[in-house]
Amino acid sequence: MTALLTHAEGLSHITPDGHPERAARLDHVLHALEPLDLDRVTAPLAEIEDLERCHPRGYIDAVRAKIPSRGSVPLDADTWVSPGSWSAALRAVGAATRAVDMVLAGDAPNAFCATRPPGHHAETERAMGFCLFGTVAIAAKHALDAHGLSRVAVVDFDVHHGNGTQDLLWTEERALFVSSHQSPLWPGSGSEQERGAHGQICNLPLAPGTDGAVMRRRYEDHVFPRLREFAPELLLISAGFDAHEDDPLANLGWETEDFRWLTRALCEVADEVCGGRVVSTLEGGYDLSALSESARAHVEELREAGR
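Every chain is numbered on its own, with residues counted from 1 as its sequence reads. Where totals are concerned, whole chains, interfaces and linings use all residues; where local detail is concerned, this predicted model gives features only for residues with pLDDT of at least 70, and gives and counts side-chain atom pairs only at 80 or more. Calculated side-chain values reflect all of the structure's heavy atoms, with hydrogen atoms and water omitted.

## Some remarks on the overall build of the protein
Stage number 1. To qualify as a helix, a DSSP run of H or I must reach at least 4 residues; to qualify as a strand, a run of E must reach at least 2; elements of each kind are numbered from the N terminus. The helix and strand tally for the protein stands at 9 helices and 10 strands.
Stage number 2. The C-alpha atoms of the protein give a radius of gyration of 17 Å, which matches the 19 Å a tight globule of 307 residues would have.
Stage number 3. Seen through its principal axes, the protein has C-alpha atoms that stretch 50 × 45 × 40 Å.
Stage number 4. Burial status follows relative accessibility: with a 1.4 Å probe on protein chains alone, a residue under 20% of its type maximum counts as buried, one over 50% as exposed, and anything between as partly exposed. Across the 307 residues of the protein, 59% fall into the buried class.
Stage number 5. Note on contacts: a residue pair is in contact if any heavy atoms of the two residues lie within 4.5 Å. Taking contacts inside the protein between residues at least 6 apart in sequence as the whole, the part at least 24 apart equals 77%.
Stage number 6. Side chains of the protein carry 27 positive and 47 negative charges; the gap between the two charge centres is 2 Å. Atoms counted for the radius of gyration: C-alpha only. Globule rule: 2.2 Å times the number of residues to the power 0.38. Note on charges: Lys and Arg go in the positive column, Asp and Glu in the negative column, and His and the chain ends are not counted at all. Every charge is mapped to an atom, namely NZ of Lys, CZ of Arg, CG of Asp or CD of Glu.

Given below as structure tokens:
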């Protein structure tokens, strides 16, 4: 059955009052998933060597040195750390790499990692956008280097461009990175002209107000054909749910059923090209009701695909 990887230490990453990326996000997601029949797995701590697949040791040590003994401190205007942030971030990366191990070994048909902090904005030597380490990019490199895969794809449907994942995979010809995102919107990257060192980056900017019907056509016309052409041996998903019409940080018009449709469609493509092997990691989503409903719909479709 679908594996759910998480850890209570994800709740120990504390941000200031009023910060949109807060512990309540993970709490609401886990509560929404509680009734589902899933293989619940304790997320392990990642090793430093896992982080080094994408980040230099000097950057890793610098992040660790910033972790306070009490309170919360900023790494930039948006990205904060507290005493529990280091272990939470290691659990997030550890969940993603363990999920890859499980899916590639056949121990689970697919997996969802309910962890925080998110990861898709963390660049090679820069924490930003609530993110410390490039979780999904590290998982991709783990699949390629530790498991010897030839091709891995990452699809990021968070409303914000996955600039960090793009940066970390820019020169990796074995990894296709696809990002759909609102544009213009922070962080300001993600144009169609950003194609990667080997043409393996595919950005799909969406105008403010884009609804689910337009999104579906864009994916059918551009993303699914690209995935079939690349034929990855594993599909990774950066699952941000902030494209929802109720999200306070953006202006797209997706509904919960659009996330359900997109998950089902991605799983169908994965069935065609890689035996249904999918690993999904939680990214954004800041309206708690929309986040929990959409995450549940996402995992329900993963579970149905894995039957």
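There is more to say after this.
## Considering the packing of aromatic side chains
Stage number 1. Centre distance within 6.5 Å is the pairing criterion for rings of Phe, Tyr and Trp, where only the six-membered ring of Trp is used; planes under 30 degrees apart are then read as stacked, over 60 as edge-to-face, and the remainder as tilted. The full count for this structure, using the stated rule, is 9 aromatic pairs.
Stage number 2. Seen from their ring centres, Trp254 and Phe259 are 5.3 Å apart, and the 55° between their planes marks the pair as tilted. Neither Trp254 nor Phe259 differs from the other in exposure class; each is buried.
Stage number 3. Taken together, the ring pairs connect Phe157, Phe241, Trp254 and Phe259 into an aromatic cluster.

## Side note on unusual backbone geometry
Stage number 1. In this chain, Ser183 is followed by Pro184 through a cis amide linkage whose omega measures 5°.
Stage number 2. Take Pro184: it is sitting in the loop between strand E7 (175-182) and strand E8 (201-206).
Stage number 3. Cis geometry is found at the peptide bond from Trp186 to Pro187, where omega equals 10°.
Stage number 4. Despite not being glycine, Phe130 has its phi angle at roughly 75°, a positive value.
Stage number 5. One can find Phe130 in the loop between strand E5 (110-114) and helix H5 (135-145).
Stage number 6. What makes Phe130 buried here is its relative accessible area of 13%.
Stage number 7. A positive phi angle is found at Ala231, which is not glycine, with a value near 55°.

## A look at a negative patch on the surface
Stage number 1. A residue counts toward a patch only above 30% relative accessible area and without a salt bridge, and it is joined to like-charged neighbours within 9 Å or, for Val, Leu, Ile, Met, Phe, Trp and Tyr, to nonpolar neighbours within 5 Å. Here, Shrake-Rupley sampling with a 1.4 Å probe gives the accessible areas, and only protein chains in the shown set may cover a residue. By salt bridge we mean one thing: a side-chain nitrogen of Lys or Arg within 4 Å of a carboxyl oxygen of Asp or Glu. On the surface, a cluster of negative charge is contributed by Asp211, Glu245, Asp246, Glu255 and Glu293.
Stage number 2. One can find Asp246 in the loop between strand E9 (235-239) and helix H8 (256-274).

## Description of the pairing of strand E2 (residues 39-42)
Stage number 1. The sheet contact formed by strand E1 (residues 3-6) and E2 spans 4 bridges and is parallel. Counted as the bridge partner of Leu4 is Arg40 from E2.
Stage number 2. The handedness of a crossover follows from its direction of travel: if, with the strands pointing away from the viewer, the path from the first strand over the helix to the second runs clockwise, the crossover is right-handed. Note that the unit made of E1, helix H1 (residues 23-33) and E2 has a crossover that is right-handed. Paired strands are those between which DSSP finds at least two bridges.

## Observations concerning the pairing of E5
Stage number 1. Summarising burial for E5: 5 of the 5 residues are buried, a large majority.
Stage number 2. Burial of the side chains of E5 extends over both faces: Asn110, Phe112 and Ala114 are buried on one face and Ala111 and Cys113 on the other.
Stage number 3. Looking at chain direction, E1 and E5 are connected through 4 bridges and run parallel. The residue bridging Ala3 from the neighbouring strand is Ala111, located in E5.
Stage number 4. Of the strand pairs in this sheet, E5 and strand E10 (residues 278-282) are connected by 4 bridges, and their pairing is parallel. Within E10, the position partnered with Cys113 by the bridge is Thr281.

## So, the packing of H8 against helix H9 (residues 288-305)
Stage number 1. Only the stretch in contact is used when fitting a helix axis, every axis being a line fitted to C-alpha atoms; angles between N-to-C directions are given from 0 to 180 degrees. Closest axis-to-axis distance for the H8/H9 pair is 8 Å, and the angle between their directions is 25°. The pairing of H8 with H9 is recorded here as roughly parallel in orientation. When the axes of H8 and H9 are compared, the crossing they make is right-handed. Listed contacts from H9 to Thr256, Phe259, Arg260, Thr263, Arg264 and Cys267 of H8 are Glu293, Ser294, Ala297, His298, Glu300, Glu301, Leu302 and Ala305.
Stage number 2. Each residue is assigned to one class: nonpolar for Ala, Val, Leu, Ile, Met, Phe, Trp, Tyr, Cys and Pro, charged for Asp, Glu, Lys and Arg, and polar for all the others, Gly among them. Taken together, the residues of the contact of H8 with H9 break down into 5 nonpolar, 4 polar and 5 charged. Throughout this description, any angle smaller than 35 degrees is read as roughly parallel, any larger than 145 degrees as roughly antiparallel, any in the 65 to 115 degree range as roughly perpendicular, and the remainder as oblique. Two helices cross in a left-handed way if the nearer one is turned anticlockwise from the farther one by less than a right angle. They cross in a right-handed way if the turn is clockwise.

## What to know about the pattern of salt bridges
Stage number 1. One pass over the structure, following the stated rule, counts 18 salt bridges.
Stage number 2. A salt bridge links Arg53 to Asp145, with the shortest nitrogen-to-oxygen separation between them at 3.9 Å. Of the two residues, Arg53 is situated in the loop between helix H2 (48-51) and helix H3 (57-66) and Asp145 in helix H5; the sequence distance between them amounts to 92 residues.
Stage number 3. A relative accessible area of 28% means that Arg53 is categorised as partly exposed.
Stage number 4. Shared partners join several salt bridges into a network, and the residues in it are Glu257, Arg260, Arg264, Arg296, Glu300 and Glu301.

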